[in-house]
Amino acid sequence: MALPSIKTDSRGMEISSETKGEKLSPRAQYTIAHEQESELLLELTMNFDLYTIELLRTEFAKQNNQLGLADFITILQQHLVSWKPDMENRRETLTGLLRSFFFEINVHAQEYLQWEEFSNYIIEKAMLLKSGDTFVDNIKTYSPSQVKNTFRFT
């Protein structure tokens with residue numbers, strides 16, 4: 001059985017696979033790329049040590065316990081310098097992963113990510129990974145809520 005040849009885009013994500021001259025369907029290519037992104041995102045999440053989380057809590061506090069997408073990406077890029085430093089196209093890959101991460105956590109689909117959403121997500125992931133119970137059914141999937149919260153604490 002021939003091993004597939006893998007071609008990647010500028011972020012290092014697979015865009016085409018071939019085995020014995022046969023191309024995988026777009027759906028199969030997407031599934032493989034999505035699985036690779038999920039694995040990288042899990043690895044990235046595991047790099048949130050106590051020091052990084054404390055720095056993030058300070059950054060959230062400076063901005064009324066919320067961060068926009070651009071600030072979130074910029075701050076995390078500065079604190080995740082040890083994550084895969086030799087990865088090809090690291091900055092682009094990291095930016096894409098952090099963008100996906102922001103929207104995965106941002107359950108209210110608002111312009112800003114709340115500290116509570118971020119910290120709850122990290123705690124939940126850490127507890128699942130620590131227990132070794134990573135069955136897909138046990139990992140909550142966050143999705144935008146149809147209900148918009150308009151109330152703000154001041």
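Residues numbered from 1 in each chain as written. Predicted model: local features only at pLDDT ≥ 70, side-chain atom pairs only at ≥ 80, totals over all residues. Heavy atoms only, no water.

Novice: When you look at helix H4 (residues 90-105) in this model, what are you seeing that I'm missing?
Specialist: Residue pairs spaced three or four apart in an α-helix point in one direction, given the helix's 3.6 residues per turn. For H4, with 16 residues, the first-to-last C-alpha span of 22 Å sits near the 22 Å given by 1.5 Å per residue. Three or more residues of H4 are buried, namely Arg-90, Thr-93, Leu-94, Gly-96, Leu-97, Leu-98, Phe-101, Phe-102 and Ile-105. (Helix = DSSP H or I, 4+ residues; strand = E, 2+ residues; numbered from the N terminus. Expected span 1.5 Å × (residues − 1). Buried < 20%, exposed > 50% of the residue type's maximum accessible area, 1.4 Å probe, protein only.)

Novice: How should the nonpolar core be read in this particular structure?
Specialist: Among soluble globular proteins, nonpolar side chains are generally buried collectively. Core analysis: the biggest nonpolar cluster contains 24 residues, and Leu-44, Phe-72, Leu-98, Phe-101 and Phe-118 have the highest contact counts within it. Among the secondary structure elements, those contributing two or more residues to this core are helix H1 (26-45), helix H2 (50-62), helix H3 (69-79), H4 and helix H5 (115-131). No other element matches H4, which puts six residues into this core. Not counting the four nearest positions on each side in its chain, Leu-44 is found in contact with Leu-80, Trp-83, Leu-94, Leu-97 and Leu-98. (Core = buried A, V, L, I, M, F, W, Y, C linked by side-chain atoms within 4.5 Å. Contact = heavy atoms within 4.5 Å.)

Novice: Just checking my understanding: could you explain the side chain of Ser-119 for this structure?
Specialist: Within the secondary structure layout, Ser-119 lies in helix H5. Of note is the side chain of Ser-119, whose polar atom sits 3.3 Å from the backbone oxygen of Glu-116. (Polar contact = N/O pair within 3.5 Å; in protein donor to acceptor, adjacent residues only side chain to side chain.)

Novice: Where do I start with the pattern of salt bridges in this structure?
Specialist: As enumerated under the stated definition, the model contains three salt bridges in all. In this structure, Lys-84 engages Glu-43 in a salt bridge whose closest nitrogen and oxygen atoms are separated by 2.9 Å. Pair noted here: Lys-84 is in the loop between H3 and H4 and Glu-43 is in helix H1, with a separation of 41 residues, a long-range link. Its relative accessible area of 31% is what places Lys-84 among the partly exposed residues. Owing to a relative accessible area of 35%, Glu-43 belongs among the partly exposed residues under this scheme. Glu-59 serves as the salt-bridge partner of Lys-62, at 3.6 Å between the closest nitrogen and oxygen. (Salt bridge = Lys/Arg side-chain N within 4 Å of Asp/Glu carboxyl O.)

Novice: So what exactly am I meant to see when it comes to unusual backbone geometry here?
Specialist: Apart from glycine, the bulk of residues carry a negative phi angle, and the bulk of peptide bonds sit in the trans form. With a phi angle near 60 degrees, Asn-65 is a residue other than glycine that sits in the positive phi range. Note on placement: Asn-65 falls in the loop between H2 and strand E4 (66-68). Residue classification places Asn-65 among the partly exposed positions, given a relative accessible area of 38%. Even without glycine at this site, Lys-84 takes up a positive phi of about 45 degrees.

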